[in-house]
Amino acid sequence: MADGERKGTKNKRILVTGGSGLVGRAIEQVVKEGEGQADEEWIFLSSKDADLTNAAETRALFNRHQPTHVIHLAAMVGGLFRNMKYNLDFWRKNVHINDNVLHSAHELGVTKVISCLSTCIFPDKTTYPIDETMIHSGPPHSSNFGYSYAKRMIDIQNRAYFEQHNRMFTAVIPTNVFGMYDNFNIEDGHVLPGLIHKTYLAQRNGTSLVVWGSGKPRRQFIYSLDLARLFIWVLREYKEIEPIILSVGEEDEVSIKEAAESIVAAMGFKGEVIFDTSKSDGQFKKTASNSKLRKYLPDFKFTPFSQAVKETCDWFAANYDLARK
Ligand code: NAP
Ligand code: GFB
């Protein structure tokens, strides 16, 4: 096939960058389970398809697939401790990935791009609840300034592509995501997969479960399958350039200690739970409002936290050998 020639006959070709990750795999699952439409071709990518920090590889990938829509998930991602170690890498890699993807989408005339910010990029000193208008109103928490500023630039780029070229490039702002196919690496991953992995090992080895920090910080957690369903809605119905927070409500915020207790219950762990307060707590809270989402989708049902944790724990135990860890 000559470059630029299209395979297939579907009139919507949806390219999912970062398709092999936690969020990408959840979107693939809900599409396969019926959320996809007959006139759509879904293409889920990993870094094996192209290193998106490389402009030429990114352009060649876009040429090959000629997407009409892009869900842009690809990023250097990690939990608090990975961010604290590699702020420069989080900045550089993500700025290059984002600029390459958005500019290739512009050059190919992609109809709509949905990129990903995060509730952890908002100002650290702020009023609560956080909402979409507050992204740039102060510096982010010191632990992840590289990632946060790189993500904030997506919002700036989206506005610039709209003003200069009328491009429909928008973004969503998920809160902490968890679920199957997460990164369960204890050093680099996020808190829930880290605690699930540590609880699994403590149970197998008859040792204590060590929770890092005081357990006092508070988080809102969204199940990856719920986020995936919201992504499909954003793809089809959301028409604003302004980003939209995709999160459970403020009332669903839990402490790290409560989250650990949910995992312990889900896995039937009977051993000792210890809090290692020599480890950083990171941001105390980043309570976000989902009222903008609720105006659009007042009846959307989030999976109850304990059920989502149980499903994730069961998946991890059943797939321990293949899980990213
Ligand atoms: P993830 O599981 O770490 O997956 C990252 C994805 O990006 C993988 O598919 C990875 O490909 C791809 N990728 C990384 N570097 C790449 C490169 N240089 N070239 C091409 N592809 C590359 O991440 P996730 O948790 O699904 O996050 C997806 C998006 O949601 C990210 O933009 C993240 O910032 C955002 N987000 C995540 C959370 C969360 O709690 N997880 C919260 C808010 C926002 P390989 O598989 O080949 O490595
Ligand atoms: O998910 P997490 O690593 O990142 O959560 P953030 C960190 C919180 O969980 C801190 C506690 O209070 C940690 O002390 N914690 C307890 C643990 N046990 C563990 C454990 O085993 N592993 C980990 N990782 N934490 C991230 C941002 O902030 O949020 C990223 O740094 C990203 O950029 C992500 O956006 C969504 O929620 O603190």
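Provided above is the structure to which this section pertains.
A brief structural summary. All figures in this text were calculated on a predicted structure; none of them were measured in a lab.

Procedures and definitions
Residues numbered from 1 in each chain as written. Chains lettered and ligands numbered in written order. Predicted model: local features only at pLDDT ≥ 70, side-chain atom pairs only at ≥ 80, totals over all residues. Heavy atoms only, no water. Near = heavy atom within 4 Å. Polar contact = N/O pair within 3.5 Å; in protein donor to acceptor, adjacent residues only side chain to side chain. Areas by Shrake-Rupley, 256 points an atom, 1.4 Å probe, with all protein chains shown as cover. Helix = DSSP H or I, 4+ residues; strand = E, 2+ residues; numbered from the N terminus. Phe/Tyr/Trp six-rings, centres within 6.5 Å; stacked < 30°, edge-to-face > 60°. Lys NZ or Arg CZ within 6 Å of the ring centre and 35° of its normal. Buried < 20%, exposed > 50% of the residue type's maximum accessible area, 1.4 Å probe, protein only.

1. A short note on the site of ligand 1
Within the structure, ligand 1 sits among 28 residues, and Ser 20, Ser 47, Leu 73, Tyr 147 and Arg 324 are positioned closest to it. Tyr 147 is positioned with one of its side-chain polar atoms (N or O) 2.5 Å from an oxygen atom of ligand 1. Residue Arg 324 places a side-chain N or O atom 2.8 Å away from an oxygen atom belonging to ligand 1. Summarising the interface, the protein chains cover 86% of the accessible area of ligand 1, which totals 900 Å² for the free molecule. Of all elements in the fold, only helix H1 (22-35), helix H5 (145-165) and strand E6 (176-178) reach the threshold of two or more residues within the shell around ligand 1.

2. Describing the packing of aromatic side chains
Scanning the entire structure with this criterion turns up 18 aromatic pairs. Summarising the aromatic geometry, the rings of Phe 221 and Phe 305 are spaced 5.8 Å apart at their centres and angled 20° between planes, so their arrangement reads as stacked. Separated by 84 residues along the polypeptide, Phe 221 in strand E9 (residues 221-223) and Phe 305 in helix H10 (residues 305-318) bring together distant segments of the chain. The rings of Tyr 181, Phe 184, Tyr 200, Trp 315, Phe 316 and Tyr 320 are connected pair by pair, giving a single aromatic cluster. Lying across the ring of Tyr 181, Arg 25 places its NZ or CZ 3.8 Å from the centre. For the cation-ring pair, Lys 198 lies above Trp 212, with the distance from its terminal atom to the ring centre recorded as 3.6 Å.

3. A few points about unusual backbone geometry
Both trends apply: most residues other than glycine have a negative phi, and most peptide bonds are in trans. In this chain, Tyr 128 is followed by Pro 129 through a cis amide linkage whose omega measures 0°. Its location among the elements puts Pro 129 in the loop between strand E4 (112-116) and H5. Residue Asn 166 is not a glycine yet carries a positive backbone phi of 60°. If you trace the backbone, Asn 166 turns up in the loop between H5 and strand E5 (168-174). By relative accessible area, Asn 166 is classed as exposed at 58%. The residue Tyr 181 is not glycine, and still its phi comes out positive at about 65°. Residue class for Tyr 181 comes out partly exposed when judged on its relative accessible area of 25%.

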